[in-house]
Structures are given as C-alpha cells and as structure tokens.
Amino acid sequence: MLQVRPIEYQLKKLKSELNDELGRILNYWIKNTPDNEYGGFLGRIDGEDNVVPGSPKGSVLNARILWSFSAAYNLNKNPEYLQYAERAYKYITTHFIDNEYGGVYWTVDYKGNPIDTRKQVYASAFTIYGLSEYYRASGNEEAKTAAINLYNLLVEHSYDAVRTGYMEAFTREWGAINDLRLSAKDANEKKTMNTHLHVLEGYANLYSIWPDDGLKAQIITLLHNFLDHFINPQTYHLNLFFDEDWHSKSGLVSYGHDIEAAWLLQEAAEIIKHEPLIERLKDISIKIAKATLSGLDTDGGLWYEYEPTDNHLVKEKHWWVQAEAIVGFYNTWQITGDEKFLELAEKTWEFVKNKIIDQKNGEWIWGIAETGNIMSNEDKAGIWKCPYHNSRACMEIVKR
C-alpha cells in the first residue's frame, strides 16, 4: 500500500476542514441575514446572535457579501451561492450606488434610503472588488460596467496625480470633507494604508476581468506606494497613516494588516504578470510575515495592534486577523518551502477552531479579549463584521 507522506496528509486535512468551514460560514449568512421585509441583508446581528431591528445597512458589508458568495460560486458552482450573490448585487445597485454623483453611499437606513452619503474611497474599492467577482460568476455585463465606472470615478476624484496615492474621503458631491476617517479608531489623515490596500485589491480583481492598460498602470503605481511609503524598510511593519505629501503620521502596528498585505501585494503583481515586481514582492512578503511573528501568542492566535511609543500591546484576537494570518503564513510557506510557516498557519487554524468559531450558532465571533473572554459586545454581523475575511481564507487554502 502507498504510504502518504505526512505533509500531504496535513494539506489534505487542512483543505478538507477549511472547505467544510466555508460551507458553514455561508450557511450562517443564508439562514440568518437576508432581510425578508425590506430586501437585501439585515444591517446588524449582535454578539448574542440577536437581530437588531432598524439598524443601518453598510456599503462595505454588502459589497463583501457580494464578493463572498460570488467567489464561493466561482469555486464550487453551488447555485444557491449565485442566488445570494445576485441578491446582494441587486440591493447594491438599487440602494447604494449614487446615480446622481456616482460612487457608493457609506450607509442606508433599514428601508434602503441613504443616511451617510459621504464617499469613502474604501467603500468604492470593495464595491469594485465585489462587482468584478460577481461578473466572473454571472457574466452580467452591467456589473462589469458598474465596476469600471467606479474605477474611473476614483481616478478622476481621488487619485493624487501630483504625488500619487488616493485621498481618503469626500462629500456626496466629491468635494472636500473634514472628517476623513473610516471609523472612530482611525487617524484623520488624507492617505491611509488600509484604503490603499483595498483599492489595490479591487483594482487587481477588476484587471482580471478587464485588462486595461491604464488600470495596469494604476496597479503598478499602487504597488510602488507600498514599496516607497507604506512598508517600513527598518521593521517591515506597515506605516498606516500619512498626510497628502506622504509624511508618516503614526507608528501604530496592525498585525492583521501586515500579514494581509504580505500576500495581497504579491497577488496583485501576479495578476498583472509583472515579473520584476513579483520577485521583489515575494522577498518583501517573507520579511513582512517574519515581522508579524512578534504579534503571535503561544496559542497560535495573532494579537491585534501594538503602539511602540508607549510599548502598548492590544491583547485582543479579532476574527479577521486570524483569517489573514492563516493565508499569510501559508503563502510564506509556499514561497520559502520553510515548513515552520505551514505549521504556523495550521496552529492559527487550530486557535480559530478552539476559540473563534461559534460552534453553537455558526460563523465566527468578533474575537477574544485580553481576559480570554469572548468580545460579546461586538457584532456577529454588521457594518464591519462580514463573511469576507474568513470565507476568503477558506477559499484561498482550498485553491492553493
């Protein structure tokens, strides 16, 4: 009888478990989140799994639902996934896309009427990401056109043609706005790593269905923004906040964004088939992954943030950070062949199984606090809590 090598067994086990988990995650969203009264998906489910009636609906959540179900359909052709992707697509195009000024609203109310009409570039980026994936799933030309329109608007209104990079946010009419922040915890700065990472991600996915030369040039410029500004050449952590002239405004370390960028930057270079950047970014990816190790706890969980100025480590373990760690460490193993990184990916997955997956109700909890207790005051589904990071981690491992 043929002996199965241990590493082959490890990989088959990991693939099987994450494939099963993908089904459980999406089943949670199918079962619990459709808004059967007002259309689309519910705005919020709290940490105790209670629907919060009358909650606003977020553009980022809906774009991520669109991406997740489209990508899952593209992976395994389950027709139910395409049905829910279509539900998200129709809701986004009916309620979130601003037909007068272009772009997407940040939030609408539970009935679908605009509330916060600001134009966060981050939200447009995720909508491009979701629409591109949905086009691949459905062949719907209107989805592709909508994605291209959003891209053109970002280049027209947000791209800094003098210094490069993208400005963070605008009024509904694409005018200047005082409060640029995505959330209360962010610095109020004009250029942020987080938004640039997801603009890159959205653009790369759009390029895979629409290989336009201008779009390719934008992707190359974005990758150089990371090489020139966002990646700290001393520490290989990411610099998070900048003014419009690329002066760094923060030393905060976000471990989840570090390890997420480690593989997303490389992927973008691979999508545009830019060999010099692919090789350079593979090397950088390894360095970022190694820098991320300083945020790993002994149980395989990855801490949230570190503030060097006062040596303060935020000892929370958020769901999305663990999802990105699984992919980032696995990717590092693929580049280097160093099995230590495969073991790290597996150990983080074990932590997720033990502490982050809600074994009773399904989906993943928000996270674990420093005390070791569940962060039950945070959402199960909401403006930020979505099926994208964890479903994507599952899909990436299955595909790889």
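Below: a short report on this structure. Just so it is clear, the model here is predicted, and its values are computed rather than measured. (Residues numbered from 1 in each chain as written. Predicted model: local features only at pLDDT ≥ 70, side-chain atom pairs only at ≥ 80, totals over all residues. Heavy atoms only, no water.)

## Quick notes on the overall build of the protein
Scanning the protein from terminus to terminus reveals 12 helices and 12 strands. For a compact globule of 400 residues, the expected C-alpha radius of gyration is about 21 Å, and the protein comes in at 20 Å, within 12% of that figure. By principal-axis analysis of the C-alpha atoms, the protein measures approximately 65 × 50 × 45 Å. For the protein, buried positions account for 57% of its 400 residues. Considering only contacts in the protein between residues 6 or more positions apart, those separated by 24 or more positions represent 65%. Of the roughly 16,300 Å² of accessible surface on the protein, 47% is carried by carbon and sulfur atoms. Both charge centroids of the protein, one from 42 positive and one from 57 negative side chains, sit 3 Å from each other. (Helix = DSSP H or I, 4+ residues; strand = E, 2+ residues; numbered from the N terminus. Rg over C-alpha atoms; globule rule 2.2 N^0.38 Å. Buried < 20%, exposed > 50% of the residue type's maximum accessible area, 1.4 Å probe, protein only. Contact = heavy atoms within 4.5 Å. Areas by Shrake-Rupley, 256 points an atom, 1.4 Å probe, with all protein chains shown as cover. Lys, Arg positive; Asp, Glu negative; His and termini not counted. Charge placed at Lys NZ, Arg CZ, Asp CG, Glu CD.)

## Quick word on the sheet that holds strand β1 (residues 57-58)
One open sheet accounts for 3 strands, arranged β1-β2-β3; its pairing is antiparallel. Only two strands of the sheet have a single neighbouring strand rather than two, namely β1 and β3 (114-116). Bridge count for strand β2 (residues 107-108) against β3 is 2 bridges, and the pairing is antiparallel. Across the sheet, residue Thr-107 finds its bridge partner in β3, namely Asp-116. (Pairing = 2+ DSSP bridges.)

## Regarding unusual backbone geometry
In this structure, Trp-246 is a non-glycine residue whose phi angle is positive, near 65 degrees. Looking at where Trp-246 falls in the secondary structure, it is placed in the loop between β7 (241-242) and β8 (253-254).

## Thoughts on the packing of helix α7 (residues 213-230) against helix α9 (residues 275-292)
Each pair of packed helices can be described by the angle between their axes along with the distance between the axes. Running from N to C, α7 and α9 point in directions that differ by 30 degrees, and their axes come no closer than 12 Å. With respect to the hand of their crossing, α7 and α9 are arranged in left-handed fashion. Between α7 and α9, the residues in contact are Ile-220, Leu-223, His-224 and Leu-227 and Leu-277, Arg-280, Leu-281 and Ile-284, respectively. Tallied by class, the residues present in the contact of α7 with α9 amount to 6 nonpolar, 1 polar and 1 charged. (Axes fitted to C-alpha atoms, helices over the stretch in contact; angles between N-to-C directions. Left-handed = near helix turned anticlockwise from the far one by under 90°. Nonpolar A, V, L, I, M, F, W, Y, C, P; charged D, E, K, R; others polar.)

## A look at the sheet that holds strand β9 (residues 305-307)
If you walk across this open sheet you meet the 3 strands as β8-β9-β10, and the pairing is antiparallel. Only two strands of the sheet have a single neighbouring strand rather than two, namely β8 and β10 (312-314). Here 3 bridges tie β9 to β10, and the two strands are oriented antiparallel to one another. Paired with Tyr-306 across the strands is Leu-313, a residue of β10.

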